[in-house]
Structures are given as structure tokens and as C-alpha cells.
Amino acid sequence: MMAASNPYRLWYQDASNDPHHGNYADVYAAYNDAQQQPAAIRNLVFGTGNQDMPVAVVALTRDPNPAEPNAPGTILAYHRLTQYVRGLGLPETPFDDVGYAFMGDSVQDMPPISVVIPDNAFHRTQLVQVPTVAHMDQLLNQNPNETLFGPFGIDTSAANLDDGQT
């Protein structure tokens with residue numbers, strides 16, 4: 001019999017599970033360093049997961065062959081990013097050095113989906129600005145049925161945006 005699962009949303013609500021205590025400046029520093037190569041960021045992320053520290057990534061993903069070329073993509077949450085590391089003296093396997101994560105959440109004691117994180121997942125993109133929580137609440141209150149907001153350019157008030165550096 002499978003043990004009852006705890007949804008990630010409940011786990012993240014418990015502040016005692018956050019080793020950074022809400023201060024992510026050191027975490028963001030790797031992403032903000034223009035000299036940092038994608039492979040180095042990948043190694044830092046997987047190294048953190050391999051030390052059994054909580055790692056979650058919210059990513060804007062795109063279908064490599066979208067039906068609509070201008071499709072906005074999908075925002076997904078990945079949890080427990082880790083890399084399979086072959087043990088000393090063990091034979092090689094197809095899993096060696098492959099990155100994995102869980103996508104989504106537990107639903108009615110069913111585990112979340114396990115996915116492979118591709119090597120190119122940590123490549124650089126243009127600086128993306130997102131609305132602050134307060135600004136997003138304001139946007140949703142203005143139009144509760146809206147499904148897409150943005151893009152938010154440089155002409156948008158800086159007080160309403162978060163560039164991930166604060």
C-alpha cells in the first residue's frame with residue numbers, strides 16, 4: 001500500500017523548509033552573472049538537489065515545433081531537480097549524468113510526473129520582467145477571466161515589475 005503523499009503546495013507553505021529563509025539574492029546571483037555559463041548553472045542546480053536541499057524552478061517552456069509560431073509557451077513548476085550520478089564501481093547506465101525533476105503535484109496519492117531536464121534547459125534568454133504579486137493581483141482584479149498578461153517592456157513602471165534581482 002502506498003503511503004499518503006504530501007502535496008508540494010503544502011510543503012512550500014511551511015517556511016521551515018526554506019534553507020534561504022526567503023532571501024534568494026545568493027541563489028539569483030548565479031543567474032544574474034553574465035559570465036556564468038549555462039553548464040555551470042546546471043551543475044549548481046543539480047548539485048544543490050543532489051545534496052537533498054529543496055530546489056524548485058518555475059520555467060517558461062516552449063514546444064520546439066509549435067502549431068502557432070507566436071504561442072506564448074507554458075509556465076511549469078519543476079520540483080526536486082537532481083542528476084543521476086553513477087556510483088563508484090558500478091557499470092555505466094543510460095541514466096548517468098541525466099537531470100531529472102518532478103513536474104506538477106501529487107494528486108490523490110498519485111506521485112507527480114517525473115521528467116528529464118535537457119542539457120540546454122539552463123541557456124540564457126533575454127531579461128524577462130514579470131509583475132510583482134501586488135501588480136498581478138491588481139491585473140486579475142481588473143479582469144478575472146484574463147489568461148495572459150504581458151509582455152512587460154521597459155516602459156512599464158518599475159514599481160510593478162520584478163526582474164528577479166530583488
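Further up the page is the structure itself.
These lines cover the structure that appears in this document, whether it is placed above or below. Predicted model, so just to flag it, every value in this text is computed and none were measured.

### Things to note about the pattern of salt bridges
Taken as a whole and assessed by the stated rule, the structure comprises 1 salt bridge. Two residues, Asp 96 and Arg 86, come together in a salt bridge whose shortest N-O distance is 3.2 Å. Of the two residues, Asp 96 sits in the loop between strand 2 (74-83) and strand 3 (99-103) while Arg 86 sits in the loop between strand 2 and strand 3, which places them 10 residues apart along the sequence. Overall, the relative accessible area of 17% leaves Asp 96 in the buried class. On the accessibility criterion, Arg 86 (39% relative accessible area) is partly exposed.

### Thoughts on the nonpolar core
Counting 10 residues, the largest nonpolar core consists of Ile 41, Val 45, Phe 46, Val 55, Tyr 78, Leu 81, Ala 101, Val 115, Ile 117 and Phe 122. Secondary structure elements with two or more residues in this core: helix 3 (38-50), strand 2 and strand 4 (113-117). Counting residues per element, this core draws most heavily on helix 3, at 3 residues.

Conventions used here
Residues numbered from 1 in each chain as written. Predicted model: local features only at pLDDT ≥ 70, side-chain atom pairs only at ≥ 80, totals over all residues. Heavy atoms only, no water. Salt bridge = Lys/Arg side-chain N within 4 Å of Asp/Glu carboxyl O. Helix = DSSP H or I, 4+ residues; strand = E, 2+ residues; numbered from the N terminus. Buried < 20%, exposed > 50% of the residue type's maximum accessible area, 1.4 Å probe, protein only. Core = buried A, V, L, I, M, F, W, Y, C linked by side-chain atoms within 4.5 Å.

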